[in-house]
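Below are the chains, spelled out letter by letter.
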Amino acid sequence: MAHYLVIVESPAKVKTIKKFLGSNYTVTASQGHVRDLPKSQLGIDVDNDYEPKYITIRGKGDILATLRKEAKKSDKVFLATDPDREGEAISWHLATALKLDEKKMRRITFNEITKNAVKASLKNPRDIDMNLVDAQQARRELDRMVGYKISPLLWAKVKRGLSAGRVQSVTLRIIADREAEIDAFIPEEYWSLEAVLKVKGERRPLTAKFYGTEKEKMTIHSKKEMDEILKALENAEFQITDIKKSERIRKAPLPFTTSTLQQEAAKALNFGTQKTMRIAQQLYEGVDIKGSGTVGIITYLRTDSTRISDEADAAARGYIGSVYGAEYVAAGNQVKNDGKKIQDAHEAIRPTDISRTPAAIKESLTRDQFRLYQLIWKRFTASRMQPARYETTAVKIGAAGYCFTVATSKVAFDGFRCVYTEAEEEKEESNVLVGNLSMDSVLTREEFEPKQHFTQPPAHYTEASLVKTLEELGIGRPSTYAPTISLILGRRYVTKEGKNLYMTEIGEVVNNMMKQSFPSIVDVHFTANMEGLLDMVEEGKVPWKEVIRNFYPDLDEAVQKAEKELESVKIEDEVTDVVCEECGRNMVIKYGPHGKFLACPGFPECRNTKPYLEKIGVPCPICGKDVVIRKTKKGRRYYGCENNPECEFMSWQKPSKEKCPQCGGYMVEKGNKLVCADEQCGYVTSLKKEQDHA
């Protein structure tokens, strides 16, 4: 009887797939990549047309030996690694390392680990797709070149253990640019006005919002403007000038892609990107379900497609019709087409069987697995359902030539929302009264509610908003978002407080150096174009070596230039006047993972260390002692008094020696401006140049 070998990537899949195949199949795992570029050197033969020098990864020799034995015994070897560039490359490396006979080796892929999908893939085996492999080889070489050429410079100029990366460095730049924007932001004052109106015959009052004149919207900039409007409205009559009823439709969401799953899991479940991917991987590879054994319950998790197979679509519609009713089933097929190249012919992320409801398998899943599966199940089910419909009423109220508005909406048909609502959906306004209003309703003013506001700076990036930005800019691919974010957090270039991401001191140093010496590496458009080229390699339109040939010489030149020009960031041990209380030596400034600290030069005999409080030459506005740079526990920088905790002065922005000429308070630096720290005062002036260098 013929014997077949199926090689997958992870041991978890072995268990799932073994169940589906007969006794004449052996299923075994390569445990990820088996060959790679060596860690000890660049591993690319620059003089021999950039030929990669692959070696067996340490610890993988035994696995390869076992696979070789199994392959010899088998009549056919099926390479069943993941259905993407990375998976295709692993298959190719396996075929090469195991010296597999082309006649007996076939490549199979499946988008979900279910009996039907695995059996169908065995009926449709194919050759290894060298375009996919070459796209991965090109990406690997580009990443290796950037990492191995630039990182040693960072070690020499800043500190050991730092690294640069093709996608990581541009991601760091995106966060740094946002931080700079927030630092330079100057709030502007504006006011809102609400009128509380009594409606004759109704017990509850109605709240109307100020809109502007009857013809155009107005922004109220100051108290003076507000007082003028209130004066004009003082004795005015309020009259309804327009009532408009209409219907609003809210479309069902598209099923998840890698990026939208990471964003929504961050918002709804507070999962980091890495955690989302780890749990999704478990759901894809197979979980033990009571009564069914080990099954993969979601489709492949790395995808940027919202396409759904016809079978899954039909099954979903059938399920929705029977559970919720025919009126809930969506009319056509929803596909997002924004003209972008979708990586691989993948489907969106969906449950492998819609009738396997989250509630039915809750007992078999961990809490986190259940929550993520529920999110995926609800989103997919909703994507096959009718839109939600709302009846909206918009009322305009006139008074003294000004216009106020009241709006309300009522759900006419809940559609997909009976299954799924997004984490950050806006609350529907409910002015119950509006339905009872007519053009003849009599209104009397009870009170005005004026409120002062200030414009807010752009929000700090969160993991979710960073993933969204990377996707919109075309940087990285579904498989790279989570590892990139984990890397910059792990290297402590960026710190996470709550959900927000902030630059650390070391991150700023690395980013400034990259911007100065390697502007193209941290250029968003350059990186996005590179992704586009890799896609073209995958489509067979561009030879992969062509991409490398165009990239390497410029990089090499920039590195040589940087080696000559870069001033070393000041990290030699600077001696301070702080005396070590343990051994009496003068302490020195060192660089650590969180930035600077004080250490005793008598190390290792004396291991005393202290936080380094760098003075900025500005007296504390509260007590007059020195203002120093401090850091939060996570490494985010702020300015505080050296006399803390007795003095509580604290500012995220750098304070200035100059006093505000308008109110006498202290001023802070924002970009190239000096701004009064008191928003109510609002004084702004330009920052003098010599201060920049102070």
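Residues numbered from 1 in each chain as written. Predicted model: local features only at pLDDT ≥ 70, side-chain atom pairs only at ≥ 80, totals over all residues. Heavy atoms only, no water.

**Some words on the overall build of the protein chain**
Logical step 1: Scanning the protein chain for helices and strands turns up 18 helices and 30 strands.
Logical step 2: When its C-alpha atoms are laid out on the principal axes, the protein chain stretches across 100 × 80 × 50 Å.
Logical step 3: The buried share of the protein chain, reckoned over its 694 residues, is 49%.
Logical step 4: Intrachain contacts of the protein chain at a sequence separation of at least 6 include 66% that bridge at least 24 residues.
Logical step 5: For the protein chain, the computed accessible surface area is about 34,300 Å², with 48% contributed by carbon and sulfur atoms.
Logical step 6: Averaged over its 107 positive side-chain charges, the protein chain has a centre that lies 5 Å from the centre of its 100 negative ones. (Helix = DSSP H or I, 4+ residues; strand = E, 2+ residues; numbered from the N terminus. Buried < 20%, exposed > 50% of the residue type's maximum accessible area, 1.4 Å probe, protein only. Contact = heavy atoms within 4.5 Å. Areas by Shrake-Rupley, 256 points an atom, 1.4 Å probe, with all protein chains shown as cover. Lys, Arg positive; Asp, Glu negative; His and termini not counted. Charge placed at Lys NZ, Arg CZ, Asp CG, Glu CD.)

**Let's talk about the packing of helix H13 (residues 463-473) against helix H14 (residues 481-490)**
The relative placement of two packed helices comes down to the angle between their axes together with the axis-to-axis distance.
Logical step 1: Between H13 and H14, the shortest axis-to-axis distance is 11 Å and the interhelical angle comes to 125°. With respect to each other, H13 and H14 are oriented oblique. Where H13 crosses over H14, the handedness of that crossing is right-handed. Every residue of H14 that contacts H13 at Glu463, Leu466, Val467, Leu470 and Glu471 is listed here: Tyr481, Ile485 and Leu489.
Logical step 2: Among the residues making up the contact of H13 with H14, the classes are represented as six nonpolar, no polar and two charged. (Axes fitted to C-alpha atoms, helices over the stretch in contact; angles between N-to-C directions. Parallel < 35°, antiparallel > 145°, perpendicular 65-115°, else oblique. Left-handed = near helix turned anticlockwise from the far one by under 90°. Nonpolar A, V, L, I, M, F, W, Y, C, P; charged D, E, K, R; others polar.)

**What about the confidence of the model for the protein chain?**
Logical step 1: Per-chain confidence: the protein chain averages 90 in pLDDT, with 94% of residues scoring 70 or above.
Logical step 2: Taking the mean pLDDT of every element in the protein chain, the minimum, 44, falls on helix H18 (residues 689-692) and the maximum, 98, on helix H12 (residues 367-383).
Logical step 3: Across residues 334-344, confidence stays below pLDDT 50; counting only partners more than four residues off in sequence or on other chains, it has 26 contacts.
Logical step 4: Predicted confidence is poor over residues 690-694, with pLDDT under 50, and the contacts of this stretch with residues over four places away or in other chains come to six contacts. (pLDDT = per-residue confidence, 0-100.)

**Side note on unusual backbone geometry**
Negative phi values dominate among residues other than glycine, just as trans dominates among peptide bonds.
Logical step 1: Between Phe603 and Pro604 the backbone carries a cis peptide bond, its omega angle lying at 10°.
Logical step 2: Checked against the element boundaries, Pro604 lands in the loop between strand E21 (595-599) and strand E22 (609-611).
Logical step 3: At the junction of Asn644 and Pro645, the peptide bond is cis and its omega measures out at 10° in the coordinates.
Logical step 4: Here Pro645 is to be found in the loop between strand E25 (637-641) and strand E26 (650-651).
Logical step 5: In this model, Lys99 sits at a positive phi of 50°, which is unusual for a non-glycine residue.
Logical step 6: Positionally, Lys99 belongs in the loop between helix H3 (85-97) and strand E8 (105-107).
Logical step 7: With a relative accessible area of 71%, Lys99 lands in the exposed category.
Logical step 8: Look at Asn270: it is not a glycine, yet its phi comes out positive at around 60°.
Logical step 9: Within the secondary structure, Asn270 is located in the loop between helix H8 (258-269) and helix H9 (273-285).

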